[in-house]
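The primary structure of each chain is shown beneath.
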Amino acid sequence: MSQPYSSIQEDLRLPGFTGTVHLPGEAGYDEARRSLNPAVDSRPALIAEAQSVADLRIALLAARAHGLPFAVQSTGHGTHAPCDGGILVKTSSMASVLVDPERRIARVGPGARWADVLAAAAPFGLAPLSGSAPSVGVTGYTLGGGLGWLARKHGFAADSVLRAEVLLADGRHVTASPSSHPELFWALRGGGGGFGVVTSLEFRLHPVSEVFAGFVYFPIEVAERALEAYRTWIDDAPDEISTAVVLKRMPGDEQTPAAVRGRHVVILKVLHTGAAEEGRRLLAPLLAAAGPALLDETRTTTYAATSMGGTPNRHMDMFDTVPGEVVSTLVRAAEQAQTIEIRHWGGAMSRPGPDAGPVSHRATKLSVIVDTVVPGLAEELRPYANGGTFLNFLADPARTAAAYTEADYRRLRAVKRAYDPDGFFRVGHVVPA
């Protein structure tokens, strides 16, 4: 049973904790409580900047002893629910990265960002299955599935996980792997962070050094014919090429290239793990359908130097087939939305190994993410969508079940009952016991 805040305030200094602790009204509290999601205005009873696994355990056991909500945050990219009145632990300082180039494996701390892993792996010609932005935290991204720009070739980031060290709800520190706590290991690879605090993550790296990548811009007037061409072109696209089509209103600032500054455009985003010549040959039908480009920023570069960018999610749908009605609906919606991103899935993502985790909806052909609430759009798209969602892109914790198949969700609940029967981990995307 929770105690009144006044009765536990003295204990909230966390005796033995080596990191910095912020209480409401103290310097640093307001800065530390911010997330990257403007819709979340979290007001914890305490914010603790952990320096070690021992610190994490102290904070966890304090929250448990006082019946307080408990949440862990690295970068704040995946924050979708406030930790009001609870203990919020920041792991940004626990950002260690170790790369074993012979085994092609990386081992990271809970505060590591993809930029840290990219920098450590690149000198060996290796790459992680990172996301669209290097500033994103590795652990939260991977636990949620991890859809990156190498996923069509190598699968979801969750599929590359080899083992994890986990602090459980009762304070035990265990190793999850195929041979140790195998059900927990299965759940962590796509089931989110509601089963424990991952204090160390070990995953495969892949031999990717240079890529052909970038953006090609076209006037918005070609959107319908570009999307019509795209929805058939993807049927024969090899795993080595990942693409998305974006309908976007470009900023009018000086940082935006003059050719597209302030314009409403169609953007073809591409990352190809082969040579530039082969990449351009594969793209030729799309480029011909769209017509003359306003600007072509594609080039050969290192994978570590690419930054493909993402689209903030206010609406998402997933599609197994893409009829013309969906194309016309999206073109009309672009008149009101700031950004609509239509992304090709498939490839290795749709061919999981026999021991794969609960990342689901792998048959999805395309996803659509819209950064603006467009009245009526969800209703228009619903008859054609497959009804699923993806945990990394899901803004509403109440819809967590939609990220899984029914069988996987039942299995996840069984794992939750085994490892967190009291529902201690309950903030954000959490599977209930």
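Whatever comes next refers back to the structure up there.
Residues numbered from 1 in each chain as written. Predicted model: local features only at pLDDT ≥ 70, side-chain atom pairs only at ≥ 80, totals over all residues. Heavy atoms only, no water.

**Student:** Would you mind showing me how to read the overall build of the chain here?
**Tutor:** Helix and strand counts for the chain stand at twelve helices and 17 strands. For the chain, whose C-alpha radius of gyration is 22 Å, the value lies close to the compact-globule estimate of 22 Å for 433 residues. Taken along its principal axes, the extent of the C-alpha atoms in the chain is 70 × 50 × 45 Å. Here the chain, with 433 residues, has 54% of them falling under the buried criterion. Within the chain, contacts between residues at least 6 apart in sequence are counted, and of these 73% link residues at least 24 apart. Accessible surface for the chain amounts to roughly 17700 Å². Of this, 51% is attributable to carbon and sulfur atoms. Side chains of the chain give 41 positive and 45 negative charges; the mean places of these two sets differ by 2 Å. (Helix = DSSP H or I, 4+ residues; strand = E, 2+ residues; numbered from the N terminus. Rg over C-alpha atoms; globule rule 2.2 N^0.38 Å. Buried < 20%, exposed > 50% of the residue type's maximum accessible area, 1.4 Å probe, protein only. Contact = heavy atoms within 4.5 Å. Areas by Shrake-Rupley, 256 points an atom, 1.4 Å probe, with all protein chains shown as cover. Lys, Arg positive; Asp, Glu negative; His and termini not counted. Charge placed at Lys NZ, Arg CZ, Asp CG, Glu CD.)

**Student:** Could you clarify how one ought to interpret the sheet that holds strand S6 (residues 105-108) in this entry?
**Tutor:** Sheet strands pair by backbone hydrogen bonding; their relative direction is either parallel or antiparallel. Read from one edge to the other, the open sheet built from five strands follows the order S5-S6-S9-S7-S8, with strand pairing classed as antiparallel. Of all strands in the sheet, those bounded by a partner on one side alone are strand S5 (97-100) and strand S8 (173-176). Along the sheet, successive strands turn relative to each other by an average axial angle of 15°, direction set aside. Bridging between strand S7 (residues 161-167) and S8 involves four bridges; their strand directions are antiparallel. Bridge assignment links Leu167 to a residue of S8, and that residue is His173. On the sheet, helix H3 (residues 53-66) packs against S7, S8 and strand S9 (197-204) and is oriented at approximately 140° with respect to S9. Sheet strands touched by helix H4 (residues 114-121): S5, S6 and S9. Its angle to S5, the strand with the most contacts, is close to 35°. (Pairing = 2+ DSSP bridges. Axes fitted to C-alpha atoms, helices over the stretch in contact; angles between N-to-C directions.)

**Student:** Quick question: what am I supposed to make of the sheet that holds strand S4 (residues 87-90) here?
**Tutor:** Taken together, four strands build an open sheet; the order of strands is S1-S2-S4-S3 and the sheet is mixed. Strands at the two margins of the open sheet, each flanked by one partner only, are strand S1 (21-22) and strand S3 (70-73). Pairing between strand S2 (residues 46-49) and S4: four bridges, direction parallel. Among the inter-strand pairings, Leu46 is bridged to a residue of S4, identified as Ile87. Across the sheet, H3 is in contact with S3 and S4; its angle to S4 comes to roughly 170°.

**Student:** Explain the pattern of salt bridges to me, please; I cannot follow it from the model alone.
**Tutor:** Once the charged atoms of two side chains with opposite charge are near each other, the side chains can pair. If you walk through the whole model with that rule in mind, you get 19 salt bridges. Ionic pairing is found between Asp159 and Arg362, a salt bridge with its closest N-O pair at 2.8 Å. Taken together, the residues Asp159 in the loop between helix H6 (151-154) and S7 and Arg362 in the loop between strand S16 (339-344) and strand S17 (366-370) connect sequence positions 203 residues apart. The exposure class assigned to Arg362 is buried, which follows from its relative accessible area of 11%. Among the ionic pairs, Glu278 bridges to Arg281, the shortest N-O distance being 2.7 Å. With Glu278 and Arg281 both in helix H9 (residues 276-290), this residue pair falls three residues apart, about one helical turn. What makes Glu278 partly exposed here is its relative accessible area of 33%. Look at the salt bridges and you will find they share partners, linking Asp100, Arg103, Arg107, Glu165 and Glu202 into a network. (Salt bridge = Lys/Arg side-chain N within 4 Å of Asp/Glu carboxyl O.)

**Student:** Sorry, what's going on with helix H10 (residues 324-333) here?
**Tutor:** Because the α-helix completes a turn every 3.6 residues, residues three or four places apart line up on one side. Among all positions of H10, only Val326, Val327, Ser328, Thr329, Leu330 and Ala333 are buried. Structurally, H10 contributes buried residues whose contacts are with helix H8 (223-233), strand S11 (241-249), strand S15 (315-319), S16, S17 and helix H11 (377-381).

**Student:** I keep staring at the packing of aromatic side chains and nothing clicks. Help me out?
**Tutor:** Two measures describe an aromatic ring pair: the distance that separates the ring centres and the angle between the ring planes. A complete count under the given rule lists eleven aromatic pairs for this structure. Ring plane angle 65° and centroid distance 6.1 Å describe the contact between Phe156 and Trp345, whose orientation is recorded as edge-to-face. With Phe156 in the loop between H6 and S7 and Trp345 in the loop between S16 and S17, this residue pair connects regions lying 189 residues apart in the sequence. There is no split in this pair, since Phe156 and Trp345 are both buried. Arg343 extends its terminal NZ or CZ atom over the ring of Trp149, reaching a point 4.4 Å from the ring centre. (Phe/Tyr/Trp six-rings, centres within 6.5 Å; stacked < 30°, edge-to-face > 60°. Lys NZ or Arg CZ within 6 Å of the ring centre and 35° of its normal.)

**Student:** Any chance you could explain the side chain of Thr339 here in plain terms?
**Tutor:** Mapped onto the secondary structure, Thr339 falls in strand S16. The class for Thr339 is buried, based on a relative accessible area of 4%. Within polar-contact distance, the side chain of Thr339 engages the side chain of Lys248 at 3.3 Å. (Polar contact = N/O pair within 3.5 Å; in protein donor to acceptor, adjacent residues only side chain to side chain.)

**Student:** Would you mind showing me how to read the nonpolar core here?
**Tutor:** In a soluble, globular protein the nonpolar side chains are often hidden away together inside. Ranked by size, the top nonpolar core spans 56 residues in total, and within it Val166, Leu184, Leu188 and Phe203 carry the most contacts. Of all the elements, helix H7 (residues 182-188) adds the most residues to this core, at five residues. Those residues in contact with Leu184 that lie beyond four places of it in its chain are Val166, Leu168, Val174, Ala176, Phe195, Val415 and Tyr419. (Core = buried A, V, L, I, M, F, W, Y, C linked by side-chain atoms within 4.5 Å.)

**Student:** I tried to follow unusual backbone geometry on my own but got confused; where do I start?
**Tutor:** Excluding glycine, residues mostly carry a negative phi; peptide bonds, for their part, are mostly trans. Even without a glycine there, the phi angle at Arg104 is positive, about 55°. Along the chain, Arg104 turns up in the loop between S5 and S6. For Arg104, a relative accessible area of 41% translates into the label partly exposed. One non-glycine residue, His361, lies in positive phi territory at about 55°. Within the fold, His361 resides in the loop between S16 and S17.

**Student:** Hey, could you run me through H4 in this one?
**Tutor:** Every buried residue of H4 is listed here: Trp114, Val117, Leu118 and Ala121. Buried residues along H4 cover an arc of 100° about the axis, so they all sit on one side. Those residues of H4 that are buried are in contact with S5, S6, helix H5 (138-143) and S9. (Arc of directions from axis to C-beta.)

Interpretation in functional terms is not warranted from these geometric data alone.
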